[in-house]
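Take a look at the letters that make up each chain.
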Amino acid sequence: AVKSRAQTICPIEEAVDADLLCHLSDIATRLPRKLNWDSAHERFVNDDEANRKLELRPMRQPWTLS
């Protein structure tokens, strides 16, 4: 798709949703309680610890996210 500019096998929106599901399930297995997800705001409801796990880790130099 990069060379031909054709459609990818998996549209980016579906890939993002699949990746989000993996991250949410990882957080849920690491925290020993029931979590409530607000898909409109893409945050856990009333759970600061779970929401902190959604944040990016600091990147090593020289890498940056612009």
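One can find the structure itself at the top, above this paragraph.
Note that the coordinates shown come from a computational prediction; the quantities given were computed from them, not determined experimentally. (Residues numbered from 1 in each chain as written. Predicted model: local features only at pLDDT ≥ 70, side-chain atom pairs only at ≥ 80, totals over all residues. Heavy atoms only, no water.)

Caption draft 1: Structural detail: the overall build of the protein. A count of helices and strands for the protein gives two helices and two strands. Along its sequence from the N terminus, the protein presents helices and strands in the succession α-β-β-α. In terms of C-alpha radius of gyration, the protein reaches 16 Å, well past the compact-globule figure of 11 Å for 66 residues. Dimensions of the protein, computed from C-alpha atoms along their principal axes, come out at roughly 45 × 30 × 20 Å. The proportion of buried residues among the 66 residues of the protein is 12%. Expressed as a percentage of contacts within the protein between residues at least 6 apart in sequence, the contacts between residues at least 24 apart total 8%. (Helix = DSSP H or I, 4+ residues; strand = E, 2+ residues; numbered from the N terminus. Rg over C-alpha atoms; globule rule 2.2 N^0.38 Å. Buried < 20%, exposed > 50% of the residue type's maximum accessible area, 1.4 Å probe, protein only. Contact = heavy atoms within 4.5 Å.)

Caption draft 2: Seen up close, the side chain of Asp-47. Mapped onto the elements, Asp-47 comes out in the loop between strand E2 (43-44) and helix H2 (48-52). For Asp-47, a relative accessible area of 10% gives the class buried. Engagement of the side chain of Asp-47 in a polar contact is seen with the backbone nitrogen of Glu-49, the distance being 3.4 Å. When near neighbours in sequence (up to four residues on either side) are disregarded, Asp-47 contacts Arg-33 and Leu-35. (Polar contact = N/O pair within 3.5 Å; in protein donor to acceptor, adjacent residues only side chain to side chain.)

Caption draft 3: Molecular detail of the nonpolar core. With six residues, the main nonpolar core is built from Leu-24, Ile-27, Leu-31, Leu-35, Phe-44 and Ala-50. Setting aside its immediate chain neighbours within four residues, Phe-44 contacts Leu-24, Ile-27, Leu-35, Asn-36, Trp-37, Ala-50, Asn-51 and Leu-54. (Core = buried A, V, L, I, M, F, W, Y, C linked by side-chain atoms within 4.5 Å.)

Caption draft 4: Quick look at a negative patch on the surface. On the surface, a cluster of negative charge is made up of Glu-13, Glu-14, Asp-17 and Glu-42. Within the secondary structure, Glu-14 sits in helix H1 (residues 12-30). (Patch = residues over 30% accessible without salt bridge, like charges linked within 9 Å, V, L, I, M, F, W, Y side chains within 5 Å. Areas by Shrake-Rupley, 256 points an atom, 1.4 Å probe, with all protein chains shown as cover. Salt bridge = Lys/Arg side-chain N within 4 Å of Asp/Glu carboxyl O. Lys, Arg positive; Asp, Glu negative; His and termini not counted. Charge placed at Lys NZ, Arg CZ, Asp CG, Glu CD.)

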